[in-house]
Amino acid sequence: MSPVVQAFFDTETGTVSYVIHEAGAVDCAIIDSVLDYDPKSGHTSTTSADKIIQFVQAQGLHVEWILETHVHADHLSAAPYLKQHLGGRIAIGRMVTKVQRVFDEIFNLEDSFKFDGSQFDYLFDEDEVFHIGKLQAQALYVPGHTPADMAYHIGDAIFVGDTLFMPDAGTARCDFPGGDAHSMYRSVQKILGFPDQTRLFMCHDYPPNGRAPAWETTVAQQRTKNIHIRTGISADEFVAMRTVRDKTLGMPTLILPAIQVNIRAGNLPPADNNGIRYLKIPLNTLPG
C-alpha cells in the first residue's frame, strides 16, 4: 500500500514535517512538527504548525497520531498545539525515558519532572505494529543519533527520522549524549534491508552545493549513492568517518531550548512563581 504523503519544509531549521494517510481515507498521522522559535527574543510562534492545521482541515482529515521520531535538538515540537486543534495521540519510542535521564544531568530538571515518558500519550515498543485507520504502520527502533530514535514504516514508505539524510548529505551525527555510531550503522542497515523501491522520507535536509531542498529517496538510491554508508562501506569505516566528522560539527543553534521542550512532548517548562516560563542555559557543559 502506498500512502499519500504531504511534506512541509521549514527553511529555518531544515526540518521536514509530514501528514500521511491512505488514499481515499480520512485517518492520518503527523510526523515531526515544528514550533517556530526566535532564539534572540525567546518568542514562539505557530506559523509552521498552522500550515499543517490548515491542510488537515481543508482535506477533511482526522488526526489519529502525532508522531515524533526522536527528541529533536534542532527544532521545538508543536505536538501539543496540534493536539489542541486537531486531536490525536502524541507518541514516541519508549526509550525516551533514557534521554530524559541523560539530559537531567545537564539541565537539573525540576523536582516534579517525571522520568517515565508520561508527558507523551503513548510510547512505542521496539518494532511495534500500529494502525492509522486501516493503514498498517510499524515503529522501527533505530538508535544511534540518540538512544530513542524511531523510524516509522507505513505502507511502502519509511520516515527515517535522524538516521539518513539525502544520499549526497550522508547520515546524521552520533555525538549527542547517548548517541553511538556503531548503533547508527546497524540501524541504517535495518532500514536498507527493505526492498529497493521502498520510499524513504528524511526528517531534515541541509542541501550541499546549492541544490534545492529534497526529502524523498529510495532504499536503492541510498544503497548505491549515500556518501557515508552505501553498500561496501564497513561498520569500522563508517564509525571512523562519523567519529572524525562529528568532532568538526558545532552544536545545533536550538539544541538547548529544543531538548528542554521536546523531552516534555513539546510542552514548555512550568512557569516560575512570577508566571513566566524559563529555559535554562547550562554554561560550559556541552562541547563548544
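The structure under discussion appears in the preceding block.
This section reports on the structure supplied with the text. Remember, predicted model here, so these are calculated numbers, not experimental data.

Calculation criteria
- Residues numbered from 1 in each chain as written.
- Predicted model: local features only at pLDDT ≥ 70, side-chain atom pairs only at ≥ 80, totals over all residues.
- Heavy atoms only, no water.
- Buried < 20%, exposed > 50% of the residue type's maximum accessible area, 1.4 Å probe, protein only.
- Helix = DSSP H or I, 4+ residues; strand = E, 2+ residues; numbered from the N terminus.
- Arc of directions from axis to C-beta.
- Contact = heavy atoms within 4.5 Å.
- Polar contact = N/O pair within 3.5 Å; in protein donor to acceptor, adjacent residues only side chain to side chain.
- Pairing = 2+ DSSP bridges.
- Axes fitted to C-alpha atoms, helices over the stretch in contact; angles between N-to-C directions.
- Core = buried A, V, L, I, M, F, W, Y, C linked by side-chain atoms within 4.5 Å.

## Examining helix 2 (residues 79-86)
Inspection of helix 2 places Ala 79, Leu 82 and Leu 86 among the buried residues, and these make up the whole buried set. All buried residues of helix 2 lie within an arc of 65° about the axis, which places them on one face of the element. Against strand 3 (27-31), helix 1 (47-58), strand 6 (62-67) and strand 7 (89-93) lie the buried residues of helix 2. Directly after helix 2, the chain includes Gly 87, whose backbone phi takes a positive value near 80°.

## Re the side chain of Asp 246
Inspection of the secondary structure puts Asp 246 in helix 6 (residues 235-246). A relative accessible area of 6% means that Asp 246 is categorised as buried. Reaching out from Asp 246, the side chain makes a polar contact with the side chain of Arg 242 at a distance of 2.7 Å. With residues near it in sequence (within four places) discarded, Asp 246 still touches Arg 173, Cys 174 and Asp 175.

## Re the sheet that holds strand 2 (residues 15-21)
Judged by pairing direction, the sheet is mixed, and its six strands sit side by side in the order 1-2-3-6-7-8 without closing on themselves. Of all the strands in the sheet, just strand 1 (4-10) and strand 8 (122-124) have a single pairing partner and so form its edges. This sheet shows a mean twist of 25° between the axes of neighbouring strands, independent of strand direction. Strand direction decides the pairing type here: strand 6 and strand 7, joined by three bridges, are parallel. Bridged to Ile 66 within strand 7 is Ile 90. Set on the sheet, helix 1 makes contact with strand 1, strand 2, strand 3 and strand 6; between it and strand 1 the angle comes to about 160°. Of the strands in this sheet, strand 3, strand 6 and strand 7 touch helix 2, which is tilted by about 165° from strand 6.

## Some words on the pairing of strand 11 (residues 150-154)
Burial runs high along strand 11: five of the five residues are buried. Covered by surrounding structure in strand 11 are Met 150, Tyr 152 and Ile 154 together with Ala 151 and His 153, the residues of both alternating faces. Relative to strand 11, strand 10 (residues 135-141) runs antiparallel, the two sharing five bridges. Within the sheet, the bridge partner assigned to Tyr 141 lies in strand 11 and is Met 150. Bridging between strand 11 and strand 12 (residues 157-159) involves three bridges; their strand directions are antiparallel. Its bridge partner being in strand 12, Tyr 152 is matched across the sheet by Phe 159.

## Quick word on the nonpolar core
Inside soluble globular proteins, nonpolar side chains tend to come together where they are buried. The biggest cluster of nonpolar side chains holds 44 residues, and the ones touching the most others in it are Val 19, Val 56, Leu 82 and Ile 259. Where this core is concerned, the elements lending two or more residues are strand 3, helix 1, strand 6, helix 2, strand 7, helix 3 (96-107) and helix 7 (255-262). Here this core gets six residues from one element, more than from any other, and that element is helix 3. Formed by 25 residues, the second largest nonpolar core is a distinct cluster that contains Ala 151, Met 184, Val 219 and Ile 229.

As far as function goes, none of this settles anything; it's purely spatial.
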